[in-house]
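For reference, the chains in residue letters:
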Amino acid sequence: MKTVGPGPRAEETPEPLLSVRNLCVTYRTDSGSVPALDQLSFDLHAGETLSIVGESGSGKSAASLAMMGLLPPNAVVEGSVRFRGRELLDLSDKKLREVRGKRIAMVFQDALAALNPMMTVGAQLAEAVSVHDSSASRAALRERAVELLDLVGIPSPRSRSDQYPHELSGGMRQRVMIASGIANEPDILIADEPTTALDVTVQAQILDVLMRIQDRTKSAILLITHDLGVVAGLADRVLVLYCGRKMEEAPVEPLFYEPAHPYTRGLLAALPRIDRGTRRLAQIAGQPPSPGERPGGCPFQTRCPHADERCDVIPRPVRVGENHTAACVHAHEIERVTP
Ligand code: ADP
Ligand code: MG
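Residues numbered from 1 in each chain as written. Chains lettered and ligands numbered in written order. Predicted model: local features only at pLDDT ≥ 70, side-chain atom pairs only at ≥ 80, totals over all residues. Heavy atoms only, no water.

Within an unreviewed UniProt entry, the label attached to the chain reads ABC transporter ATP-binding protein, and the organism entered is Streptomyces endocoffeicus. UniProt, in its Subcellular location (unreviewed entry) section for the chain, records the words "Cell membrane". Note on the chain: under the UniProt heading Sequence similarities (unreviewed entry), the record states "Belongs to the ABC transporter superfamily." (UniProt positions renumbered as here; feature names shortened; annotations may be inferred.)

Written out as structure tokens, the structure reads:
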């Protein structure tokens with residue numbers, strides 16, 4: 001075994017780039033308040049890829065929009081989001097715009113909706129760069145746009161840069177979105193379901209682009225997805241969300257090989273695997289309850305094979321391994337093997 005001397009503590013655990021504490025998002029609607037996110041806490045370190053995984057409606061987008069200050073006006077947000085020690089939730093819109101795009105950028109699922117149909121992709125990328133670098137000449141901006149298209153693997157980037165979004169395939173448009181996200185070499189790239197609208201082959205290519213870019217830019221990536229399958233080869237750590245609450249958080253290998261939360265185990269059992277052949281996959285029984293119908297205590301208890309009366313209190317995260325926590329009272333009783 002490799003022995004490591006007692007190095008300086010500060011080097012072992014550098015300050016996180018992003019530190020989220022007790023983040024809560026509640027939507028006010030005509031039919032009452034919708035709790036979308038409940039007391040979410042996590043850290044993201046420089047150059048790291050953290051994946052947030054959960055079924056649709058679990059609060060993934062609420063979390064990413066809250067971090068970017070992009071929630072709609074009917075949302076109430078509480079808690080703390082610190083970027084390099086600076087509280088983002090208290091910033092004015094103007095100050096937040098400076099951080100957004102330059103230091104923290106975001107890629108959404110729907111590239112067609114996010115791109116301007118009336119502008120060539122080259123002009124849009126040039127604009128993205130110019131917002132944070134007003135001194136660059138027009139020619140330099142156009143050149144940077146072509147470079148960015150090349151970086152995200154678009155063939156013939158020069159001629160493509162003169163095309164409009166509708167002239168590009170879905171996969172190409174998503175590459176343009178990623179190019180726009182990294183235009184200003186952000187410290188953090190938040191990708192919210194970046195591949196959900198694409199077919200499987202194109203999905204793999206786009207994820208590959210994200211990883212290649214990270215190698216070059218050393219950005220931290222927050223990869224948000226409903227598909228636990230896509231994170232295996234990409235993420236360093238995984239955070240599993242359900243009904244707005246963190247269920248489990250772990251480095252990627254222990255999450256896949258020693259999952260401790262019944263919800264994570266359910267997601268893993270539903271993944272297609274070569275060794276399972278064509279056998280029918282085990283889906284998690286039932287549906288996530290809508291926000292108004294969530295049970296008190298553990299929100300997963302209505303679907304959980306281990307549920308009992310102890311689940312009527314909100315479970316605290318318990319430590320089940322190194323940097324590995326699970327919010328389940330049964331975490332220490334469950335057999336920890338890949339389902
Ligand atoms: P995810 O991204 O994981 O699919 P969301 O963050 O979009 O989940 O949604 C979390 C919860 O908030 C869901 O119950 C959803 O219906 C609700 N929600 C999302 N946006 C709004 C909104 N603008 N108004 C009211 N409720 C919303
Ligand atoms: Mg979403």
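In this section: the pattern of salt bridges. If you walk through the whole model with that rule in mind, you get 17 salt bridges. The partner of Asp38 in a salt bridge is Arg245, with the nearest N and O atoms 2.6 Å apart. In this pair, Asp38 is assigned in strand E2 (residues 32–44) and Arg245 in strand E10 (residues 245–251), connecting sequence segments 207 residues apart. Residue Glu193 is joined to Lys60 by a salt bridge in which the shortest nitrogen-to-oxygen separation is 3.8 Å. Here the residue Glu193 occupies a position in the loop between strand E7 (188–192) and helix H9 (200–217), and Lys60 occupies one in helix H2 (residues 60–68), the gap between them amounting to 133 residues. Judged by relative accessible area, which is 10%, Glu193 ranks as buried. With relative accessibility at 5%, the residue Lys60 sits in the buried group. (Salt bridge = Lys/Arg side-chain N within 4 Å of Asp/Glu carboxyl O. Helix = DSSP H or I, 4+ residues; strand = E, 2+ residues; numbered from the N terminus. Buried < 20%, exposed > 50% of the residue type's maximum accessible area, 1.4 Å probe, protein only.)

In the contact formed by helix H6 (residues 138–151) and helix H8 (residues 170–182), the axes pass within 9 Å of each other and the chain directions differ by 120 degrees. Relative to H8, H6 is oriented oblique. Two packed elements cross with a definite hand, and for H6 against H8 that hand is right-handed. Between H6 and H8, the residues in contact are Arg144, Leu148, Leu149 and Leu151 and Val176, Ala179 and Ile182, respectively. Split by residue class, the contact of H6 with H8 holds six nonpolar, no polar and one charged. (Axes fitted to C-alpha atoms, helices over the stretch in contact; angles between N-to-C directions. Parallel < 35°, antiparallel > 145°, perpendicular 65-115°, else oblique. Left-handed = near helix turned anticlockwise from the far one by under 90°. Contact = heavy atoms within 4.5 Å. Nonpolar A, V, L, I, M, F, W, Y, C, P; charged D, E, K, R; others polar.)

Buried residues dominate helix H12 (residues 262–269), accounting for eight of its eight residues. Among the structural elements, strand E3 (49–53), helix H10 (228–231), strand E9 (237–242), E10 and helix H11 (252–257) are those in contact with the buried residues of H12.

Another point: the confidence of the model for the chain. Note: predicted coordinates in regions of low pLDDT should not be interpreted at a detailed level. Scored by pLDDT, the chain has a mean of 89; 94% of the residues are at 70 or more. Here helix H1 (residues 9–12) stands out as the least confident element of the chain, with mean pLDDT 45; E10 is the most confident, with 98. Predicted confidence is poor over residues 1–11, with pLDDT under 50, and the contacts of this stretch with residues over four places away or in other chains come to one contact. (pLDDT = per-residue confidence, 0-100.)

The UniProt record marks residues 20–268 with the feature "domain: ABC transporter" (unreviewed entry), using the residue numbering of this structure. Structurally, residues 20–268 is divided into 41% helix and 27% strand, and its ends, taken at the C-alpha atoms, are 26 Å apart.

On to the nonpolar core, then. Judged by nonpolar contacts, the single largest core of 60 residues is most densely connected at Leu210, Leu228 and Val238. When residues of this core are assigned to their parent elements, the largest contribution, seven residues, is made by H9. Ile52, Ala62, Leu65 and Ala220 belong to the second largest nonpolar core, which has 36 residues in total. (Core = buried A, V, L, I, M, F, W, Y, C linked by side-chain atoms within 4.5 Å.)

Right, let's get into the site of ligand 1. Gly57, Gly59, Lys60, Ser61 and Ala62 are the nearest of the 14 residues found near ligand 1. Here an oxygen atom of ligand 1 and a backbone polar atom of Gly57 are 2.7 Å apart. The backbone of Gly59 places a nitrogen or oxygen atom 3.1 Å from an oxygen atom of ligand 1. Secondary-structure elements contributing two or more residues to the shell around ligand 1 are strand E1 (18–29), E2 and H2. (Near = heavy atom within 4 Å. Polar contact = N/O pair within 3.5 Å; in protein donor to acceptor, adjacent residues only side chain to side chain.)

Turning to unusual backbone geometry, a few remarks are in order. At Glu185, a position not held by glycine, the phi torsion is positive, near 45 degrees. Note that Glu185 resides in the loop between H8 and E7.

Looking now at the packing of aromatic side chains. Each aromatic ring pair is described using two quantities: the centre-to-centre distance and the angle formed by the ring planes. By the definition in use, this model includes three aromatic pairs. On the numbers, 4.5 Å between centres and 50 degrees between planes, the contact of Tyr242 with Tyr263 is tilted. In this pair, Tyr242 is assigned in strand E9 and Tyr263 in helix H12, connecting sequence segments 21 residues apart. Across the pair, Tyr263 and Tyr242 agree in class, each one buried. Measuring from ring centre to ring centre gives 5.2 Å for Tyr242 and Phe300, while their planes differ by 85 degrees; the resulting arrangement is edge-to-face. With Tyr242 in strand E9 and Phe300 in the loop between H12 and strand E11 (318–321), the pair connects residues that are 58 residues apart, well separated along the chain. Judged on exposure class, the residue Tyr242 and its partner Phe300 are both buried. A network of ring pairs unites the aromatic residues Tyr242, Tyr263 and Phe300 as a single cluster. (Phe/Tyr/Trp six-rings, centres within 6.5 Å; stacked < 30°, edge-to-face > 60°.)

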